[in-house]
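# Reading the structure
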Amino acid sequence: MNKKTRQTNAAPPSASSHFFRLKPLVLVVTAAAMLGSVQAQAQEKSTTELQTEVQRLRQALESAERALQQKQGNAAPADAAASAGANAAASKASDEPVALGDVVIRSRNRLEKVQDVPLSVSVVSGSELEREGATDIKELTKRAANISWNFGNQRTSSLSIRGIGKQGQTEAMDPSVGVIVDGVPLAYNALTSSYNFADLNTLEVTRGPQGTLLGKNTSLGVVNITTKRPSFTPSSDYSITLGQKDTVIGKLAVGGPVVDDLLAWRGTFVAERAKGDLTNLYNTDQTYTNRDRISGRVQFLLTPTPDFDARISLEATPRTGETTNNRTIYTPTPLTYANGSANNLNTDASTRLARSWFSNRSDYSYTNNYLYGGGGSYVNMNSQQPLITGGHAASAELNWRVGDYTLTSVSGYRDYYFNAVNDEGTPFNIQTNSGGYKNTYRQYSQELRLSSKAGGLVDYQAGLFLFGSNTDANYQKGWGSDGGAWLASASQYNTLYGNAGTNIGSGAALLKNSLDGLTTSGSSTAGLQDIRNRSAAIFGQANWHLSDPLTITTGLRLTVEHRTNSGSSVVTNNGYGGALNPVSVNGVQLGGFASDTSGNLTGANSATQLALANSVAKQYFGVSSYNSLSSAQKAQVAAAKAIRLAQLGVLYNDTQAESFNKIQPNFVIAPTYKLNDNQTAYFSVQYGEKAGISQLTNGISQLVKPERNTSFEVGLKSALLDKTLILNTDVFLTKIRDYQQSVQVYDAYTTSLKADGITYYTGSTGNVPKVESSGLEVDGAYSGFRNIQIRFAGAYTRAVYKDFPNAAKPVELGYLSDPYVDLSGQLLPGAARFTFNIGAEYRRQVLGDKVFHASFNTNYVSRNNTSTTLSSYGWVPDSSTTDLSIGLGRFDKTYDLSLLVKNAFNDKTYQTVTWNSYNPAVPRWIGLVFSGKL
């Protein structure tokens, strides 16, 4: 940043220090210049803020004129007329609606008017997000068109655009919707959903495949987030929020020059603590979903010459815990499947809790405690732990300007830590970890980009991009002393305990030790994984200005993708029942002795194994020889070993999956035609690919094909009613081949292991042959009312499976013998037909130098199915949530006090629902926000 730029952006002189020395005619010129300065800052202020500032300047002008008249006596006629003219102009500017300024975006790596960009783009200012306390990705997406945040935990949440993208969850795959923060792509969904985004400048949502201008290519769209950058103007902004559920949020953004005209800095620090809305009765200090986040970002801006600048950013988010998983209220499992046939209730908690092992506990029952959670206000779990997340980031953006060209380098690093320890949903010691996940993620990126000067016959950008990520992932399970009694089949439970007779003591010990203390690292689709993704790309995009009204944008990208994945699934702790292990599973040696389903020893046991069998007889039945056990006693050993074998699940030694290697193209062709000064029409064809996936399914390599997306869009961008109404509309058609999501695939592992002539199938990430989304989008703003600005966006979307013959069966179709169902023609999960959001802000100067302000944002989502299998139980009705803010503060923002209400009308629509559980909505929250400048 050079001196000239800093002087242009500097605050205007105060009226009190200069106006008294001005002649009336010069006063008019100065007032006009100040009003012009206000218009020049339109990119950083909302229309209502500008309206209020115009009114303040008019009052300052009137005050200065009165002071001047008192000092000089009656003004000369000519001067008096000039002053009157100035007042009239200022009054007119205040009383009439203010035309919306030309909103600019950075989505194409340069400042452009959004009305000139041949893309469907939504823009939300950072000031609006801050005003309504919208700092996480869920709140951010409620203020843009046709984008949604899909409920999950910090790791499993995802973004979808135009109804597509809900199911992109595995560590080995790229997100369908990309997120870019200050030029650095986030190539892992968890990086988006785990943190707050504070001190923002703008949020931009660009729909359709991207990559001919971006470092990281995406198949559905991009969320581009820019933070406020260092400035040579000193600033120190803070806010403190106190609210319900012991909420305390502190924010500080401070910065300014370190060395004048050479080095500036900006620091942003956020600390947030709050209780959740559900309480864990087992530990009442644990609430769901609580908030516990601390983060800091420090940036430096270096400007040694007018032609070079560098911005360095460092971020840290220390590891903290938030209880997110198992925010679940259980309901009775239906007694029948969809065809009326009886459901096997052995899988339901009611049958397990009815077992005498559990029913003897008088303070807990299926009806009074397990179900309903007190109307959705509590849970009761003994092993649920907070999710631990944290990470660090660093980036460097360098810009060299040489003549008509700019060379930009963006280097980025991010890491992320995640650790989940989950409970099965009861206060019993069934599972010490019912399926936890621990991983460490690291990504590195480097982008070099050359940009020509805009204008002329053609302007262009071209660049190189390198990217790498490493993920060390560990899927963990653990069992406790009640695990055997809960997970045993009815016959196994009766053999060991329910009908054990005189052997009940031995059976109880076997039932307990069958699983107690056992831990594994791995599952059918994940275990100890080492995932490595590498990308290298060359890209370029040109704007061909063939005439004043006609511009054609063309772009091409070629990306070399290399993906590898290796993993294993093993026992990490045998616990108390190691002697009950099988000999081996799938080549993984477990050290047990060989016996048949009746408990009789087979002839394949070594002397060591026979000794182990004898130790089992001694430990549980007090006899020295296994062969001296009765048939009933051997049957008990066999039952305990069968329980253990079933829970061991899929095991496999370290295995390398087939790697994915391919050169993938992206391209765009988009003609833009200016019909007149206020209307621009465009048409675009965008093509993009998402990399295939290197993965293991039950220890066997299963390569997933790349996702291929072709998107067509026709749009009209209009500025109407003297530019007080911005109205952008488009119709779109998106066709995807080999869409990546969960499918039913051939289970080679189980088919080979059982070798019983039956072909087995399992769920795994794979490819849906064809998916299609089409619809209409509207995005706009209106400032035709004095002191009011309105922003609105809406969409009609029809996102369907055009061809999906191998989908997993929903639970209510469990009676079907077929291993999968055909969902062709059905709407995608989470794809609502209608969505819209509307926000409005009212600002008015009152009490001299004070400003009264009020705003709201309403987000509406029509009926949609939250189940990934499209279960008939997964439908949630239409819902809408409204956030409100009302406050009073000084015009110069030295202080402000606001009342903030989230979910003001307390919408209680479930977030997700299955046939025997639901996730309740987050209830209304009220808080006070005090903010200002130090």
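Going by the structure above, here's the rest.
A brief structural summary. (Residues numbered from 1 in each chain as written. Predicted model: local features only at pLDDT ≥ 70, side-chain atom pairs only at ≥ 80, totals over all residues. Heavy atoms only, no water.)

### Let's talk about the overall build of the protein
Of the regular secondary structure elements, the protein holds 18 helices and 45 strands. Partitioning the intrachain contacts of the protein with sequence separation of at least 6 by distance along the chain shows that 70% fall at a separation of at least 24. Total accessible area computed for the protein in this model is approximately 38000 Å², and 56% of it derives from carbon and sulfur atoms. (Helix = DSSP H or I, 4+ residues; strand = E, 2+ residues; numbered from the N terminus. Contact = heavy atoms within 4.5 Å. Areas by Shrake-Rupley, 256 points an atom, 1.4 Å probe, with all protein chains shown as cover.)

### Description of the pairing of strand E6 (residues 177-181)
Where burial is concerned, most of E6 is hidden: five out of the five residues are buried. The two faces of E6 match: Val 177, Val 179 and Val 181 on one face and Gly 178 and Ile 180 on the other face are all buried. For E6 and strand E9 (residues 221-227), the ladder comprises five bridges, and the chain directions are parallel. In the strand pairing of E9, Val 177 is matched with Gly 221. Here E6 runs beside strand E7 (residues 184-186); their pairing, made up of three bridges, is antiparallel. Its bridge partner being in E7, Val 179 is matched across the sheet by Leu 186. Linking E6 back to E7 in an antiparallel pair, the connection comprises two residues, with Asp 182 at a positive phi of about 50 degrees. (Buried < 20%, exposed > 50% of the residue type's maximum accessible area, 1.4 Å probe, protein only. Pairing = 2+ DSSP bridges.)

### A look at helix H15 (residues 504-513)
The set of residues buried in H15 consists of Ser 506, Gly 507, Ala 508, Leu 510, Leu 511 and Asn 513. Tucked inside the fold, the buried residues of H15 contact helix H10 (356-359), helix H13 (483-487), helix H14 (490-498), helix H16 (607-621) and helix H17 (631-648).

### Observations regarding the sheet that holds E7
Strand pairing in a sheet takes place through backbone hydrogen bonds and is either antiparallel or parallel in direction. One open sheet accounts for five strands, arranged E3-E8-E9-E6-E7; its pairing is mixed. Every other strand in the sheet has two partners, leaving strand E3 (121-125) and E7 as the edge strands with one partner each. Mean inter-strand twist for the sheet, computed between neighbouring axes without regard to direction, equals 20 degrees. (Axes fitted to C-alpha atoms, helices over the stretch in contact; angles between N-to-C directions.)

### Focus on a nonpolar patch on the surface
On the surface, Leu 448, Leu 464, Ile 538, Leu 556, Leu 558, Val 560, Ile 663, Phe 667 and Ile 669 cluster together to form a nonpolar patch covering roughly 780 Å² of accessible area. Mapped onto the nonpolar patch, the elements with two or more residues apiece are strand E25 (550-573) and strand E29 (660-676). Assignment of secondary structure puts Leu 556 in strand E25. Under the relative-accessibility criterion, Leu 556 is labelled partly exposed at 47%. (Patch = residues over 30% accessible without salt bridge, like charges linked within 9 Å, V, L, I, M, F, W, Y side chains within 5 Å. Salt bridge = Lys/Arg side-chain N within 4 Å of Asp/Glu carboxyl O.)

### Comments concerning the pairing of strand E45 (residues 925-933)
Here strand E10 (residues 235-243) pairs with E45 via seven bridges, running antiparallel. Paired with Ile 240 across the strands is Phe 930, a residue of E45. Both strand E42 (residues 895-902) and E45 contribute to a ladder of eight bridges, which runs antiparallel. Of the residues in E45, the one forming a bridge with Leu 899 is Leu 928.

### Description of a positive patch on the surface
Taken together, the side chains of Arg 737, Lys 770, Arg 798 and Lys 802 make up a positively charged region of the molecular surface. One can find Lys 802 in strand E36 (residues 788-803). You can call Lys 802 partly exposed: its relative accessible area is 45%. (Lys, Arg positive; Asp, Glu negative; His and termini not counted. Charge placed at Lys NZ, Arg CZ, Asp CG, Glu CD.)

### Some thoughts on unusual backbone geometry
Note the cis peptide between Tyr 288 and Thr 289, where omega equals -15 degrees. Within the element layout of this structure, Thr 289 appears in the loop between strand E14 (283-288) and strand E15 (291-305). The backbone of Lys 245 sits at a positive phi, close to 60 degrees, despite the residue not being glycine. Checked against the element boundaries, Lys 245 lands in the loop between E10 and strand E11 (247-259).

### Side note on the nonpolar core
Ranked by internal contacts, the top residues of the largest apolar core, which has 53 residues, are Val 223 and Ile 225. No other element matches strand E34 (residues 725-746), which puts four residues into this core. Val 223 has contacts with Ile 147, Leu 159, Val 177, Gly 178, Val 179, Ile 180, Leu 203, Glu 204 and Val 205, leaving out every residue within four places of it along the chain. In terms of nonpolar packing, the next biggest core, distinct from the first, is built from 46 residues, Phe 358, Leu 510, Leu 629 and Ala 657 among them. (Core = buried A, V, L, I, M, F, W, Y, C linked by side-chain atoms within 4.5 Å.)

### A few points about the side chain of Thr 303
One can find Thr 303 in strand E15. Looking at Thr 303, its side chain comes within polar contact range of the main-chain oxygen of Asp 261, at 3.3 Å. (Polar contact = N/O pair within 3.5 Å; in protein donor to acceptor, adjacent residues only side chain to side chain.)

### Quick notes on the sheet that holds strand E44 (residues 917-919)
Across the sheet, which stays open at both edges, the three strands sit in the order E17-E44-E43 with antiparallel pairing between neighbours. With one partner strand each, in any of the chains shown, strand E17 (329-330) and strand E43 (912-914) form the two edges of the open sheet.

### Details of the packing of aromatic side chains
Scanning all chains against the criterion turns up 27 aromatic pairs. Here the aromatic rings of Tyr 337 and Trp 915 are separated by 6.2 Å at their centres, their planes lie at 15 degrees, and the arrangement is stacked. Placement of the pair is Tyr 337 in the loop between E17 and helix H9 (349-353) and Trp 915 in the loop between E43 and E44, with a sequence separation of 578 residues. Taking the relative accessible area as the measure of exposure, Trp 915 reaches 13% and is therefore buried. Look at Tyr 801 and Phe 804: their rings are 4.7 Å apart centre to centre, the planes differ by 50 degrees, and that puts the pair in the tilted class. Exposure remark for Tyr 801: the relative accessible area of 0% places this residue in the buried category. An aromatic cluster is built from Tyr 337, Tyr 815, Tyr 873 and Trp 915, whose rings are joined through pairwise contacts. The ring of Tyr 576 is capped by Lys 512, whose NZ or CZ atom sits 5.2 Å from the centre of that ring. (Phe/Tyr/Trp six-rings, centres within 6.5 Å; stacked < 30°, edge-to-face > 60°. Lys NZ or Arg CZ within 6 Å of the ring centre and 35° of its normal.)

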